[in-house]
Amino acid sequence: MIRDNHPLLFALNNEGMSMVQVYFGGTETTYKTNQTYTSASGSLADGTKPQITHTINHNWAHYFQEISSALLAGLAIETIGEHNLDDWHSPPMLKYSPDLKGWITHNQPQVPLTFSMTARKEA
């Protein structure tokens, strides 16, 4: 099973729903931060966030068909889902919904925030 941020998010700016990157074509982004996605919600015993030493990060965006096609090389895809609920606070414009127990767009267009796929090895 794969569950991850939807590739569309890499093309959007972090303040809203404006397209600022090319969706098709493997956009690369480089940024500097001392936190990882795993430290976004967790805290150390003293209440501080875990920090990393190597702070330069690179992301390469792959569009949805590219991801799913890679699985088709030897696997049978059983389910594909696109979801408007995120388990983590990936783009800053998302708001937490206690009722849905996840992050959603608020006063913004509904777009896929995450995707999921299940696959099995072909017999």
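For the structure itself, look to the data block above.
Residues numbered from 1 in each chain as written. Predicted model: local features only at pLDDT ≥ 70, side-chain atom pairs only at ≥ 80, totals over all residues. Heavy atoms only, no water.

J.: What is the right way to look at empty space enclosed by the protein in this model?
T.: Sizing a probe to match a water molecule and rolling it over the atoms shows the empty space that remains. Following the criterion strictly, the structure yields one cavity of 30 Å³ or more and no others. In this structure, the largest cavity occupies an estimated 40 Å³ of space. If you go around the largest cavity, the residues you meet are P7, F10, A11, Q21, V22, Y23, T27, A61, H62 and Y63. (1 Å grid on protein atoms, 1.4 Å probe; cavity = no way out; pocket = protein on both sides within 12 Å on 5 of 7 lines; lining within 4 Å. Points joined across faces, edges and corners; volume = space filled by probe spheres on them.)

J.: Sorry, what's going on with the environment of S68 here?
T.: Position of S68 relative to the elements: it lies in helix 1 (residues 64-71). Residue class for S68 comes out buried when judged on its relative accessible area of 12%. Note: C-alpha distance between S68 and A119 (51 residues apart in sequence) is 10.0 Å. Residues in contact with S68, not counting those within four places in the same chain, are I77 and M117. (Helix = DSSP H or I, 4+ residues; strand = E, 2+ residues; numbered from the N terminus. Buried < 20%, exposed > 50% of the residue type's maximum accessible area, 1.4 Å probe, protein only. Contact = heavy atoms within 4.5 Å.)

J.: I would appreciate a short explanation of the side chain of N5 in the present structure.
T.: Locating N5 in the fold gives a position in strand 1 (residues 2-5). Leaving out residues up to four positions away in the same chain, N5 has contacts with D86, W88, S90, L113, T114 and F115.

J.: Even after reading the chapter, I still don't get the pattern of salt bridges, so can you show me in this structure?
T.: Pairing between side chains of opposite charge can happen when the charged atoms of each approach one another. Tallying each qualifying case throughout the model produces two salt bridges. Across the pair D87 and R3 runs a salt bridge, and its minimum N-O distance is 2.8 Å. Of the two residues, D87 sits in the loop between strand 4 (75-83) and strand 5 (95-97) while R3 sits in strand 1, which places them 84 residues apart along the sequence. Taking relative accessible area as the criterion, D87 reaches 43% and is therefore assigned partly exposed. Close ionic contact of R120 with E78 constitutes a salt bridge, the shortest N to O distance being 2.7 Å. Of this pair, R120 sits in strand 7 (residues 114-121) while E78 is found in strand 4, placing the two residues 42 residues apart along the sequence. We classify R120 as partly exposed; its relative accessible area is 43%. Residue E78 is classed as partly exposed on the basis of its relative accessible area, which comes to 48%. (Salt bridge = Lys/Arg side-chain N within 4 Å of Asp/Glu carboxyl O.)

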